[in-house]
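# Coordinate analysis (summary)
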Amino acid sequence: MSPSTPTAIAPAATHPSRATATTATPDWRRHSAALGVTASSLSAAQRSSLDRDGYVILEGLSDATWLARARDRYEELVRIEGADLFSRHQHAGSEMHRELGCRRLPDLVNKGEVWDQCWQEPRILAVVAHVLERAFHLSALSGRDAQQGFGHQGLHADWGPRVPSEPFHVVNCIWALDGFTLTNGGPRLVPGSHRLAGHVGDELADPTAAHPRQIIAEVPPGAVLAMNSHTWHGGSANRDGTPRRTIHAYFSGREHLQQLNQAEYLRVRTASRLSPAARWILDG
Ligand SMILES: O=C(O)CCC(=O)C(=O)O
């Protein structure tokens, strides 16, 4: 067709709006970049660990000062909210399930600036972007710590039975405020299980039993177990009673309902300190 005929007018040249629709950087990439995510936020080894094993342990995301503040604030919130260990009186929000012998703290977005880095840290967002590969949001930000003798969970994925033709839907980044050991309730995981079709019950009649390929994640204080949370996992029992306080930053594809409607719960004081990109991560 001749370029001089009317139908040969190049849409991109003459209709900027169409050009934008086809070439613009997607919102989620722009907002991630605004929060500091770059192509090198994760190393090639970290990306392959996520792809192959379904998780990666990220170190060096926090320093001793932050860790001390985070632990103090955690305990302060437990005192204020009475995050009772024994479920009936827990103040956990309705978005969180209750668990005997575990302290749970819901809606941490609104409970101190100290938690901002748990969901805005560029390497955390890079994991989310790498696994989900599309627009996402923060579904919930919460605390969990199992007391001595408690915390053993059945292996589970944070989603229904896996359909391999579907994209991944959920990521959980677990900040280990005290570190995880083999005996204080480090999460157990079945490496590579995010790539399997179906669910844990297909392999294990009793999901609370040990899986032959499970490992217990040992994570130093202040580091993060960042997980494609289709990977079969679960808390293990805190046998030695040493602290194992965690912050769970749980993200999902943006098309899914959040566990807690973050925009609805957002307090004015919280909103006033957030950047537009951070606000975008909270929106439903
Ligand atoms: O805190 C942990 O070790 C993992 C907890 C977990 O998987 C859950 O609460 O669903």
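Residues numbered from 1 in each chain as written. Predicted model: local features only at pLDDT ≥ 70, side-chain atom pairs only at ≥ 80, totals over all residues.

### Some remarks on the sheet that holds strand β6 (residues 215-216)
Counted only if it meets this: Note on pairing: two strands pair once DSSP finds at least 2 bridges between them. By definition, any uninterrupted DSSP run of H or I lasting at least four residues is a helix, any uninterrupted run of E lasting at least two residues is a strand, and each is numbered from the N terminus.
Strands sit in the order β6-β5-β8 across an open sheet of three strands; the sheet is antiparallel. Single-partner strands in this sheet number two, and they are β6 and β8 (233-234). Relative to β6, strand β5 (residues 188-189) runs antiparallel, the two being bridged by two bridges. Bridging from a neighbouring strand, R188 pairs with I216 of β6.

### Re the confidence of the model for the chain
Note the cut-off: pLDDT is a residue-level measure of predictor confidence that goes from 0 to 100. Any pair of residues counts as being in contact when their C-beta atoms, constructed from backbone geometry, are within 7 Å of one another.
Residues of the chain with pLDDT of at least 70 account for 87%, and the chain-wide mean is 89. Confidence over residues 1-21 falls short of pLDDT 50; this stretch has eight contacts with residues more than four positions distant or in other chains. Long-range and interchain partners of residues 86-94, a stretch whose pLDDT sits below 50, account for 19 contacts in this model, where long-range means more than four residues apart.

### Overview of the environment of Q258
Here Q258 shows up in the loop between β9 (246-253) and α8 (262-265). When sequence neighbours within four positions are dropped, the list of residues in contact with Q258 reads H137, S139, A140 and G284.

### Quick notes on the site of the ligand
Rules: As a rule, any residue with its backbone-derived C-beta atom within 6 Å of a molecule or strand is reported as near that molecule or strand. In the scheme used here, Gly and all other residues not listed as nonpolar or charged are polar, with Ala, Val, Leu, Ile, Met, Phe, Trp, Tyr, Cys and Pro taken as nonpolar and Asp, Glu, Lys and Arg as charged.
The immediate surroundings of the ligand are formed by R144, Q153, I174, P187, H233, G234, G235 and T246. Residue composition of the shell around the ligand, grouped by class: two nonpolar, five polar and one charged.

### As for the environment of A278
Relative to the helices and strands, A278 is located in helix α10 (residues 276-282). When the C-alpha atoms of A278 and D116 are compared, they prove to be 9.2 Å apart, with 162 residues separating the residues in sequence. Excluding anything up to four places from it in sequence, A278 contacts L35 and Q120.

### Some details on the sheet that holds strand β2 (residues 102-105)
Rules: Lines fitted to C-alpha atoms define the axes, with helix axes restricted to the stretch in contact, and inter-axis angles between N-to-C directions lie between 0 and 180 degrees.
Reading across the sheet, the six strands line up as β1-β7-β4-β9-β3-β2 and stay open at both edges, with antiparallel pairing between neighbours. Whereas interior strands pair on both sides, the edge strands pair on one side only; in this sheet they are β1 (55-58) and β2. Within this sheet the neighbouring strands show an average axis-to-axis angle of 20 degrees, counted without direction. Here strand β4 (residues 170-176) runs beside β9; their pairing, made up of seven bridges, is antiparallel. Counterpart to C173 in the pairing with β9 is A249.

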